[in-house]
Amino acid sequence: METKRILLIEDNPEMRENTAEILELANYHVLTAQNGKEGVHIAHHEKPDLIICDIMMPELDGYGVLHMLGKDDLTANIPFVFLTAKAEKNDYRKGMTMGADDYLTKPYDDVELLNAVEIRLKKSERLKGQFTRTAEGLDEFIHEAKSFDLITKLADDKKTKVLKKKETIYTEGSFPSNVFFLQKGKVKAYKSNDNGKEYITDLYKEGDFFGYLDLLQGESYQETTISLEKSEVAMIPKDDFFNLLQGNREVATKFIKMLSNEIKDREDRLLQLAYNSVRKRVAQALVMLVQRYQEDKSKPFSMAITREDIASMVGTATETVIRTLSDFKDEKLVDMKGSLITVLDYEKLVRMRN
């Protein structure tokens, strides 16, 4: 098993030596820094598995260290434990608000120190891995993301709603109160113009979170979501969701990455709508369905979806989609039986010329 590396930032020589000795006896590899500036430098170059940092230090205090490391993607997710001689609640609150993972008040004994280190390292390892995109995976993800005193009943209080086909989850213009996790089924998100014409903005599969973008922006929902088939969604109340983000930087980073990918995907689709031919856009809509709902791209993919929904994805008339799909069928790219569309040649659709 790989030896974990711990960076200890402490300006008191005696405290630094004693703490380092305890950690080394527990088989950790310890890096030490005698002030905040030196600690930031070591953290950037060594990328330790955990940082233990005193708050009250000359030149750059512990809050400054946490702030500087938090601005760098390479160090922002390193678990961070504060050391302090004070036991005042305002210090505790300030540290946790800035993103500290734990707090040790001096004087602490060997057991307190090692327990805090072990717990933090274990949580970090579990959160670095990808959670299983199932209901059990959601419970595990939430459980591991809990802070010591922030979220105590999130997994237990999680409500699940069973949806019929074409049942609305939330509507454009309503105000967010939950984040949703799709446990089973398929869901579409769409916007409507003044004439009631729909444009599908996203498709969600099992294991996807959705509804968090507007919640983070503090705005009403910018789209409507409806189940494409019988589905199950778990609902996480917004207060618990915000506590989850504020209580653990690694969890927040997961959602930031998801948010970044979502925005990039939408920007790419807007460019496609602006510059690609209808034939190319229909091919891309079918490719999107395969990418969202099937892992093995080498096998034929089948899905029941209305021509109106494909037209909403493509941004064109339903009649145009019907004609294009008929051409694709003649070219043996797809097969169709009623609303069921089977993609026969995924690679040719991907390479479709504009």
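Throughout what follows, the structure given in this document is the object of discussion. (Residues numbered from 1 in each chain as written. Predicted model: local features only at pLDDT ≥ 70, side-chain atom pairs only at ≥ 80, totals over all residues. Heavy atoms only, no water.)

**Some details on the packing of aromatic side chains**
- With the rule as written, the count across this model stands at 8 aromatic pairs.
- Ring geometry for Tyr63 versus Phe82: centroids 5.5 Å apart, planes at 75°, classification edge-to-face. In this pair, Tyr63 sits in helix α3 (residues 62-70) while Phe82 sits in strand β4 (residues 80-84), placing the two residues 19 residues apart along the sequence.
- Among the aromatic residues, those joined into a cluster by ring pairs are Tyr170, Phe180, Tyr204, Phe210 and Tyr221.
- The ring centre of Tyr293 lies 5.1 Å from the NZ or CZ of Lys186, which sits over that ring. (Phe/Tyr/Trp six-rings, centres within 6.5 Å; stacked < 30°, edge-to-face > 60°. Helix = DSSP H or I, 4+ residues; strand = E, 2+ residues; numbered from the N terminus. Lys NZ or Arg CZ within 6 Å of the ring centre and 35° of its normal.)

**Notes on the sheet that holds strand β2 (residues 29-33)**
- Across the sheet, which stays open at both edges, the 5 strands sit in the order β2-β1-β3-β4-β5 with parallel pairing between neighbours. At either end of the open sheet lies a strand with only one pairing partner, and these are β2 and β5 (102-105). Each strand of the sheet is rotated relative to its neighbour by a mean of 20°, with strand direction disregarded.
- As defined by bridge partners, strand β1 (residues 5-9) adjoins β2 across 5 bridges and the pair is classed as parallel. Note on β2: the bridge partner recorded for Ile6 is Val30.
- Against the sheet, α3 makes contact with β1, β3 (50-54), β4 and β5, and its axis sits at roughly 170° relative to β4, the strand it touches most. (Pairing = 2+ DSSP bridges. Axes fitted to C-alpha atoms, helices over the stretch in contact; angles between N-to-C directions. Contact = heavy atoms within 4.5 Å.)

**Re the sheet that holds strand β13 (residues 231-237)**
- Strand order in the open sheet made by the 4 strands is β6-β13-β8-β11, with antiparallel pairing throughout. What marks the edges here is a single partner per strand, and that holds for β6 (159-163) and β11 (209-210).
- Where strand β8 (residues 178-184) and β11 come together, 2 bridges link them in antiparallel fashion. Opposite Phe180, over in β11, you have Phe210 as the bridge partner.

**So, the environment of Lys186**
- Residue placement: Lys186 occurs in the loop between β8 and β9 (187-192).
- You can call Lys186 buried: its relative accessible area is 17%.
- Discounting residues that sit within four places of it in the chain, Lys186 has contacts with Tyr204, Ser227, Leu228, Glu229, Ser231, Tyr293 and Met303.
- Polar contacts involving the side chain of Lys186 include one to the side chain of Glu229, which spans 3.4 Å. (Buried < 20%, exposed > 50% of the residue type's maximum accessible area, 1.4 Å probe, protein only. Polar contact = N/O pair within 3.5 Å; in protein donor to acceptor, adjacent residues only side chain to side chain.)

No statement about biological role is implied by the geometric values presented.
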